[in-house]
Amino acid sequence: MSFNIAIDGPSGAGKSTIAKRLANELSFVYVDTGAMYRAMALYFLRKKISPKDEAAIATACAQIDITLAYEDGVQCVLLNGENVNAYIRAEEVGNMASSTSIYPAVRAKLTALQKKLASTCDVIMDGRDIGTCVLPDAQVKIYLTASVSARAGRRYGELIKKGVAADYAQIEADLKERDERDMNREIAPLKQAWDAVLVDSSDLSIDEVLAVLRDIYEKAVEKGVADADVAATKGNE
C-alpha cells in the first residue's frame, strides 16, 4: 500500500519548496499539483481564452496533455510535450490558474491523474484541496500557511533575486485576491481538512518547517505500525 502525504495551503506559503525537499529526504515522488494547474492556465493564456469563458475552457481541456518527467533529476511539467517549467511561475499564469481551477472540466482532468499516481507509489502532493478532495485518505495531512505579509515578502524577494522588477503592494494585493477566490470557490475550496495538522510558517525557516513536518510524518508511521500490530493481535485472538 502506498503512503501519501497531502500538503495544502494558500499561495506563497512555501508548499512546493517544502514538499520537494521532504520528498527528496523520504524518497517519495513529489507531485506539484499547482504546477499542473498552471500548465493548463498557460495553455489558456496562449490561446487567449478568457478565464470567464467556461465553455471554451472545457473544450480546450480535451486538447491538453500534461505529464510529469524528470530531466537531470529535476521534475519537469510537460504541456503537450513541451517543458514549461520556465513559464508557469509568472504572476499572470498563477492568477489564471486560480480563476480557471474552479471549473469541473479542469479539475476532473487533473484529479484523475493525481489519484492514479498516489495509488501506485509513495507521493507527496501539495495544492489547495489535496487533503479534502484529491487524497482524503492520505496518511499524513498538513495545512501549511503563513501571513499575507510574510508570503508577499517572500515572493517579492524571489523576484528581486532573479532580477525581475516587482511591486510589493501589488503582490500583496494579488495574494489577498487569490486567497479570497480560492477559499470561496464553489468547487473544492481551499480549507483545512478536519484531520490536517496546522503549520504556520510565518516565522519559521525552511529547515525549521521541514523539521516539524518530518516529526509529523515519523509519528504517523509509528502510529500506523502500532495500529497494525494491534489489528494483527486481535486477528490472532
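Predicted model only: the values in this text are computed from it and were never measured.

**Student:** I would appreciate a short explanation of the sheet that holds strand β5 (residues 82-83) in the present structure.
**Tutor:** Consider a sheet: its strands pair through backbone hydrogen bonds, and that pairing is either parallel or antiparallel. Pairing within the open sheet is antiparallel, and its three strands lie in the order β3-β4-β5. Each having just a single partner strand, β3 (66-71) and β5 make up the two edges of the open sheet. Strand direction decides the pairing type here: β3 and strand β4 (residues 74-79), joined by six bridges, are antiparallel. Bridge pairing in β4 places Leu68 opposite Val77. Relative to β4, helix α2 (residues 33-46) is tilted by about 35 degrees, and along the sheet it contacts β3, β4 and β5.

**Student:** Looking at this structure, how should I read the environment of Ala211?
**Tutor:** If you trace the backbone, Ala211 turns up in helix α9 (residues 206-236). Note on Ala211: relative accessible area 37%, which makes it partly exposed. It is 27 Å that separates the C-alpha atoms of Ala211 and Lys115, two residues lying 96 residues apart in sequence.

**Student:** Please explain the pattern of salt bridges as it appears in this structure.
**Tutor:** Close approach of charged atoms allows side chains with opposite charge to pair. This model, assessed by the stated rule, comprises 14 salt bridges. Of the charged contacts in the structure, one is a salt bridge between Arg107 and Asp129, with a shortest N-O distance of 2.4 Å. You can see Arg107 sitting in helix α5 (residues 104-120) and its partner Asp129 sitting in the loop between β6 (123-127) and α6 (130-134), a full 22 residues away along the chain. Owing to a relative accessible area of 6%, Arg107 belongs among the buried residues under this scheme. Measuring nitrogen to oxygen at the nearest pair gives 2.6 Å for the salt bridge that ties Arg151 to Asp179. You can see Arg151 sitting in helix α7 (residues 148-161) and its partner Asp179 sitting in helix α8 (residues 168-184), a full 28 residues away along the chain. Three or more residues are tied together by salt bridges with common partners; here these are Glu91, Arg155, Glu158 and Arg178.

**Student:** What am I meant to see in the packing of aromatic side chains here?
**Tutor:** Centre distance and the angle of the planes are the two values used to describe a pair of aromatic rings. Scanning all chains against the criterion turns up four aromatic pairs. A centroid spacing of 6.0 Å and a plane angle of 90 degrees characterise the contact between Phe28 and Tyr217, whose relative ring orientation is edge-to-face. In this pair, Phe28 sits in the loop between α1 (15-26) and β2 (29-32) while Tyr217 sits in helix α9, placing the two residues 189 residues apart along the sequence. Using a relative accessible area of 10% as the deciding quantity, one classes Phe28 as buried. Among the aromatic side chains, those forming a connected cluster through ring pairs are Phe3, Phe28 and Tyr217. The positively charged end of Arg46 is found above the aromatic ring belonging to Tyr87, 5.4 Å away from the centroid.

Conventions used here
- Residues numbered from 1 in each chain as written.
- Predicted model: local features only at pLDDT ≥ 70, side-chain atom pairs only at ≥ 80, totals over all residues.
- Heavy atoms only, no water.
- Pairing = 2+ DSSP bridges.
- Helix = DSSP H or I, 4+ residues; strand = E, 2+ residues; numbered from the N terminus.
- Contact = heavy atoms within 4.5 Å.
- Axes fitted to C-alpha atoms, helices over the stretch in contact; angles between N-to-C directions.
- Buried < 20%, exposed > 50% of the residue type's maximum accessible area, 1.4 Å probe, protein only.
- Salt bridge = Lys/Arg side-chain N within 4 Å of Asp/Glu carboxyl O.
- Phe/Tyr/Trp six-rings, centres within 6.5 Å; stacked < 30°, edge-to-face > 60°.
- Lys NZ or Arg CZ within 6 Å of the ring centre and 35° of its normal.

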